[in-house]
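Spelled out from the first residue to the last, the chains are:
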Amino acid sequence: MGGYGPPPSENKRRANKDEFEEQAVTVADDGLVHGPALPHGVLYTPRTVDWYETWRRAPQTAAFVGTDWQRLQMLAPLVDEYFLEPSTKLLAEIRLNESLLGATHVDRMRGRIKVEQPRPQSHAAPAGVADMTEARRRRMTDAS
């Protein structure tokens, strides 16, 4: 006995299809520094300069354009003020702006930003573990 309603159609469409999937951006986590230095950096606390430098090394900043950097630079005084005298109002404004720039994993998912992690260069065996690759190779050629 079937359920209620019409039988499933073979031509079903997804009602919640991602309309912006083609616009997804893939960036590499290459550790490179992107964007301009913080203007008037000497005027800010070291924690604010560290915050800005962390952003410059974030992989998503490879896709930033001038207005994104301008937003970070406009946010720096608020971050500086927050570090000097924390308040929930400042934190809320900072969090909102950082979210729009893809600060967290969920923010990047919403912004369709995919971060590719670098592949390890070598497959060296950990210390104390024998690498059996060469022994297997010899065994295979000896069996032939």
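See the structure above.
Scope of this entry: the structure provided in the associated data block. Treat the numbers as computed from the prediction; the structure is a model and nothing was measured.

## Thoughts on the environment of Q117
- For Q117, the position within the fold is in the loop between β2 (113–116) and α5 (133–143).
- Given a relative accessible area of 54%, Q117 falls into the exposed group.

## Re the side chain of D107
- Relative to the helices and strands, D107 is located in helix α4 (residues 105–110).
- Side chain to side chain, D107 and T104 meet in a polar contact 2.9 Å long.
- Apart from the residues lying within four places of it in its own chain, the contact partners of D107 are E98, S99 and G102.

## With respect to the environment of A103
- Residue placement: A103 occurs in the loop between α3 (88–100) and α4.
- Judged by relative accessible area, A103 falls into the partly exposed class, the value being 30%.
- On a C-alpha basis, the gap between A103 and A58 in space is 8.7 Å, while along the polypeptide they are 45 residues apart.
- The contact partners of A103, leaving out residues within four places of it in the chain, are W55, Q60, E98 and R108.

## Things to note about the nonpolar core
- With 13 residues, the main nonpolar core has W51, Y52, W55, F64 and L72 as its most contacted residues.
- When residues of this core are traced back to their parent elements, those giving at least two are α1 (46–57) and α2 (66–84).
- For this core, the element with the most residues is α2, which contributes five residues.
- Contact partners of W55, with chain neighbours within four places excluded, come to Q60, T61, F64, W69, L72, E98, L101, G102 and A103.

## Quick look at unusual backbone geometry
- Even without glycine at this site, H40 takes up a positive phi of about 55°.
- Following the sequence through the fold, H40 ends up in the loop between β1 (25–28) and α1.
- Backbone geometry places R112, a non-glycine residue, at a positive phi of 55°.
- If you trace the backbone, R112 turns up in the loop between α4 and β2.

## Quick look at α3
- The terminal C-alpha atoms of α3 lie 18 Å apart, and with 13 residues this matches the ideal 18 Å at 1.5 Å per residue to within 8%.
- Of all the residues in α3, the buried ones are L90, I94, N97 and E98. For α3, the angular spread of the buried residues around the axis is 100°, confining them to a single face. Exposed side chains of α3 directed beyond 90 degrees from the buried face belong to T88, K89, R95 and L100.
- In this structure, the buried residues of α3 make contact with α1, α2 and α4.

## Comments concerning the packing of aromatic side chains
- Following the criterion strictly, the structure yields five aromatic pairs and no others.
- An angle of 55° between the planes, with centres 6.2 Å apart, marks the rings of Y82 and F83 as tilted.
- We classify F83 as partly exposed; its relative accessible area is 25%.
- Ring pairs connect the aromatic residues W51, Y52, W55, F64 and W69, which therefore count as one cluster.

Calculation notes
Residues numbered from 1 in each chain as written. Predicted model: local features only at pLDDT ≥ 70, side-chain atom pairs only at ≥ 80, totals over all residues. Heavy atoms only, no water. Helix = DSSP H or I, 4+ residues; strand = E, 2+ residues; numbered from the N terminus. Buried < 20%, exposed > 50% of the residue type's maximum accessible area, 1.4 Å probe, protein only. Polar contact = N/O pair within 3.5 Å; in protein donor to acceptor, adjacent residues only side chain to side chain. Contact = heavy atoms within 4.5 Å. Core = buried A, V, L, I, M, F, W, Y, C linked by side-chain atoms within 4.5 Å. Expected span 1.5 Å × (residues − 1). Arc of directions from axis to C-beta. Phe/Tyr/Trp six-rings, centres within 6.5 Å; stacked < 30°, edge-to-face > 60°.

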